[in-house]
Amino acid sequence: MALEFDTSFDPAYGRAVAVAPGVLRVTSRNPSPFTFHGTNSYLVGRDTLAVIDPGPDDDAHLETLLAAIAGRPVSHIFVSHTHRDHSPLAARLKELTGAPTLAEGSHRPARALRIGEVNPLDASADLDFVPDVVLADNALTEGDGWAIRTVLTPGHTANHAVFALEGTGTLFSADHVMAWSTSIVAPPDGAMADYMSSLDKLLARDDRLLLPGHGGAVAAPQSFMRGLKTHRKMRERAILERIRAGDRTITEMVAAIYRDTDPRLHGAAGLSVLAHLEDLVARGLVVTDGDPAIDGVFAPAA
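Residues numbered from 1 in each chain as written. Predicted model: local features only at pLDDT ≥ 70, side-chain atom pairs only at ≥ 80, totals over all residues. Heavy atoms only, no water.

Chemist: Give a description of the packing of aromatic side chains that names residues and reports values.
Modeler: In total, this model carries 6 aromatic pairs according to the counting rule given. Their ring planes at 70° and their centres at 6.4 Å tell us that Phe78 and Trp146 sit as a pair that is edge-to-face. Placement of the pair is Phe78 in strand β5 (residues 74-78) and Trp146 in the loop between β8 (140-142) and β9 (147-152), with a sequence separation of 68 residues. Taken as a pair, Phe78 and Trp146 share a single burial class, namely buried. Taking the ring centre of Tyr195 as reference, the NZ or CZ of Arg232 above it sits at 4.8 Å. (Phe/Tyr/Trp six-rings, centres within 6.5 Å; stacked < 30°, edge-to-face > 60°. Helix = DSSP H or I, 4+ residues; strand = E, 2+ residues; numbered from the N terminus. Buried < 20%, exposed > 50% of the residue type's maximum accessible area, 1.4 Å probe, protein only. Lys NZ or Arg CZ within 6 Å of the ring centre and 35° of its normal.)

Put into structure tokens, the structure is as follows:
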């Protein structure tokens, strides 16, 4: 299935937008090649609210959120994962509303750092966030006229979770599934095998509308996620083809596979290739000396 991205999105900075019954979206003005137009925060409910992904620690975004909350009580603050564009504002919002924070857990890498390895993603991680309530897979949190089910989806980060609004077919997909772009899966924060398993987990559900952490809604989740899965498999095949053609380093592979990609994203692309290579080495399709590394040398398995 061909994967078609939808980049037709109006962030409507400074105001809340109704995106589903009882759901408002507020988009932070933090655009970048990684965040698209900015991070989406969601308000769920009518009288007493839940907030999903408060966003970056930004005064203007906090003011817009508080204007949308409009004095109503906030009973829960859900956090999908601990990148700095999603979780840092939770602390200030908790202080102002008294609502507890809920998440899978604190930030951690998908695997232990190897000897001499430096995590290039530390700067993007919110290492201060500790949830008041730790959410298990399939946990149901009930509020005032709404219930939210947690679905753990490691891959983009080890602690990534998505949230299903029970009885509506709506799922807040954070950075796992987005209409405008593929998710970044970058070791050691993320893991490709985990991401693909989590994608299969969502494909087994029957959600009808995905509201992501960046950009607009995914209106046909099943076909789009099948396209995402096909895209990842095609990227895996492209990496194998480059190795069989003689490429030995990730730099060589990125130059060939991502030649039409914004050069500002080539660093992230290299980490994505590393994520695929970690999986390919684990499956015995590619070999390397020692553990797979960003500066490693790779070859086809005999």
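So much for the structure itself; the text now carries on.
Chemist: I'd like a description of the pairing of strand β1 (residues 17-20), backed by residues and values.
Modeler: In the sheet, β1 pairs with strand β2 (residues 23-27) via 3 bridges, with the strands oriented antiparallel. Bridge pairing in β2 links Ala20 to Val23. (Pairing = 2+ DSSP bridges.)

Chemist: Mind laying out the side chain of Arg235, listing which residues take part and the relevant values?
Modeler: Examined against the element boundaries, Arg235 turns out to sit in helix α4 (residues 221-244). Side chain to side chain, Arg235 and Tyr258 meet in a polar contact 2.8 Å long. With sequence-adjacent residues up to four places away left out, Arg235 is seen in contact with Ile257, Tyr258 and His276. (Polar contact = N/O pair within 3.5 Å; in protein donor to acceptor, adjacent residues only side chain to side chain. Contact = heavy atoms within 4.5 Å.)

Chemist: Which residues make up the sheet that holds strand β10 (residues 161-165), and what values go with them?
Modeler: Taken together, 5 strands build an open sheet; the order of strands is β8-β9-β10-β11-β12 and the sheet is mixed. Sheet topology places β8 and β12 (209-212) at the edges, where each strand pairs with a single neighbour. Taking the axes of each pair of neighbouring strands and ignoring which way they run, one obtains an average angle of 25° across the sheet. Alignment of strand β11 (residues 170-174) against β12, held across 4 bridges, turns out to be parallel. When the sheet's bridge partners are listed, Phe172 is paired in β12 with Leu211. Across the face of the sheet, helix α3 (residues 192-203) comes into contact with β9, β10 and β11 while running at roughly 145° to β9. (Axes fitted to C-alpha atoms, helices over the stretch in contact; angles between N-to-C directions.)

Chemist: I'd like to hear about the environment of Pro188, residue by residue, with values.
Modeler: Structurally, Pro188 can be placed in the loop between β11 and α3. For the pair formed by Pro188 and Ala158, sequence separation is 30 residues and the distance between their alpha carbons is 9.2 Å.

Chemist: With reference to specific residues and values, describe helix α1 (residues 59-69).
Modeler: For α1, every residue scored as buried is listed here: His61, Leu62, Thr64, Leu65, Ala68 and Ile69. Taken around the axis of α1, the buried residues stretch over an arc of 160°, which confines them to a single face. Structural note: α1 exposes Glu63 and Ala67 on the side pointing more than 90 degrees away from its buried face. Taken together, the buried residues of α1 touch β2, β3 (40-44), β4 (49-52), β5 and α2 (90-97). Regarding α1, its N-cap is Asp58, as a side-chain oxygen of that residue lies 3.2 Å from the backbone nitrogen of Ala60 further along. (Arc of directions from axis to C-beta.)

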